[in-house]
Amino acid sequence: MAIFGLWVINKAGGLVYQRSFADGLAHLTSNEYLVLAGTLHGIHAITSRLSPTGTSSGAHVIEAETFKMTIFLTATGTKFVLLTSLSDQTADSVLQKIYEAYADAVMKNPFQTPEMPIRSEGFDARISTLIGSGVST
Amino acid sequence: MAYTQPHSRFSVVSNSSADHVSTSSGPTSTRFSLPTPSINTTATSQQKSATRTTIYDRPLNKTRTSEVSASAFAFLFSEMIQYTQKRVSGIEDLERRLSTLGYRIGTRYLELMTWRNESVSKTPKREIRFLAALMMIHTQLWRAVFGKPADAIEKSVENDDEYMLIDNDPSITRHISIPRDMSSLSCSALTAGIVEAVLDGLGFPARVTAHSVPTDAYPSRTTILVKFQKEVLEREDALK
């Protein structure tokens, strides 16, 4: 029952925020994170077309052997990706709270350019209180 | 600070004189670059504006306790800061411009507060001692603008003419994270402008600035530093 990491991907597919919490994921360089985020963005777009029952949003949960990835797509195309352990059930509610923190600390910050990497102490502090401290890039 | 009122406001108040309407239609059209209206359209628009109530017609006392959405204000304030940031050359200039914007709010707020005080109490008092004026700002102004009184009021030990109003968590800057290269900026310069306007209006000219003094318990603690001009202290001594 652990949260391993959080990624925030803008609507163009670029990674704007990445943060790791508990140990459990392999350590990657920031370039690798960027590449993975772009790949995930593409996969998300493709899965929205694969649905056999008509219109659908992209993949919501991707489960692997040791972790699962919950993707929350906002109305503006921003994706919040939470990497958790398999037994974690709280991912959706945590993502909602992260979205609230994003709307407050990032969108209302005049020094934050939209769609650009997030460098906001307010956002970092709120994520820390929400999930726990970790290492961010 | 001269501020030309739009003439359409006068036409709502005095709907009797026809020539007043025709004279006001000229400046209104040039100000908002509407096509020159004929006399017919001004008459009909005059009737429409007389029957339709605008925000200016609301009684001032009824809106005393009404609140504005903090999120809406946060977006507006964020845009104000971005707008100002594009047009300034440095941090002091940015703070000065925010202070000017706050000054305009403060002058109007002082009028509103005095007007409302008159209807509430039988003998409304006008403050003539600067400490009483500061106390009024500390409680009444803060409560009216931010919904709670300021957290502390202090006198500087080094200078006689400096006083400080302290707010542990200013609500207007709650969502703002200052980048590290601008760490001396305090967006509460808007609040400083409001305080400066109220003091000016009451007859205590001062220079008011905002400084961020974070502590462990309150990382966004802000001090509004009020430095009174010489004549205020001289007058105070004469009154003693």
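Model, not experiment: these values are computed from the prediction. (Residues numbered from 1 in each chain as written. Chains lettered and ligands numbered in written order. Predicted model: local features only at pLDDT ≥ 70, side-chain atom pairs only at ≥ 80, totals over all residues. Heavy atoms only, no water.)

Draft legend 1. Expanded view of the overall build of chain A. Secondary structure assignment for chain A yields three helices and six strands. Relative to the globule expectation of 14 Å for 137 residues, the C-alpha radius of gyration of chain A, 14 Å, shows essentially globular dimensions. Principal axes of the C-alpha set define a box for chain A whose edges measure 45 × 30 × 30 Å. Taking all 137 residues of chain A together, the buried fraction comes to 40%. For chain A, contacts bridging at least 24 residues in sequence account for 49% of all contacts bridging at least 6. Only carbon and sulfur atoms are counted for the fraction: they give 59% of the accessible area of chain A, which is about 7200 Å². (Helix = DSSP H or I, 4+ residues; strand = E, 2+ residues; numbered from the N terminus. Rg over C-alpha atoms; globule rule 2.2 N^0.38 Å. Buried < 20%, exposed > 50% of the residue type's maximum accessible area, 1.4 Å probe, protein only. Contact = heavy atoms within 4.5 Å. Areas by Shrake-Rupley, 256 points an atom, 1.4 Å probe, with all protein chains shown as cover.)

Draft legend 2. Main features of the side chain of Q112 of chain A. One can find Q112 of chain A in the loop between α2 (91–106) and α3 (121–130). If sequence neighbours within four positions are ignored, Q112 of chain A has contacts with V106, P117, I118 and R119 of chain A.

Draft legend 3. Just the nonpolar core, in detail. The biggest cluster of nonpolar side chains holds 27 residues, and the ones touching the most others in it are I137, V195, L199 and F228 of chain B. At the level of secondary structure, the elements contributing two or more residues to this core comprise α5 (91–120), α6 (130–146), β2 (162–167), α7 (189–202), β3 (206–212) and β4 (222–228) of chain B. Listed in part, the 19 residues of the second largest apolar core include I3, L82, Y102 and I118 of chain A. (Core = buried A, V, L, I, M, F, W, Y, C linked by side-chain atoms within 4.5 Å.)

Draft legend 4. Quick peek at α2 of chain A. Residue and element names in this part refer to chain A. With 16 residues, α2 should cover 22 Å at 1.5 Å per step; its first-to-last C-alpha distance of 21 Å lies within 8% of that length. Every buried residue of α2 is listed here: A91, V94, L95, I98, A101, Y102, D104, A105 and V106. Of the surrounding elements, those touching the buried residues of α2 are β1 (3–9), β4 (68–73), β5 (79–84) and α3. (Expected span 1.5 Å × (residues − 1).)

Draft legend 5. Local environment of the environment of K108 of chain A. Mapping K108 of chain A onto the fold places it in the loop between α2 and α3. Taking the relative accessible area as the measure of exposure, K108 of chain A reaches 5% and is therefore buried. Beyond its immediate stretch of four places on either side in the chain, K108 of chain A contacts A103 of chain A together with S71, A74, F75, S78, H175 and I176 of chain B. A polar side-chain atom of K108 of chain A sits 2.8 Å from a polar atom in the side chain of D104 of chain A. (Polar contact = N/O pair within 3.5 Å; in protein donor to acceptor, adjacent residues only side chain to side chain.)

Draft legend 6. Focus on the interface of chain B and chain A. Opposite the 16 residues of chain B that make contact, chain A presents 11 residues. Both sides together, the interface formed by chain B and chain A hides about 1100 Å², and carbon and sulfur atoms give 60% of it. A per-residue breakdown of the area chain B buries against chain A is headed by F75, H175 and S177 of chain B, which together make up 47% of the total. Our count for the chain B to chain A interface comes out at one salt bridge. For R180 of chain B, the salt bridge goes to E121 of chain A, with nearest N and O atoms at 3.3 Å. (Buried area = accessible area lost by both parts, 1.4 Å probe. Salt bridge = Lys/Arg side-chain N within 4 Å of Asp/Glu carboxyl O.)

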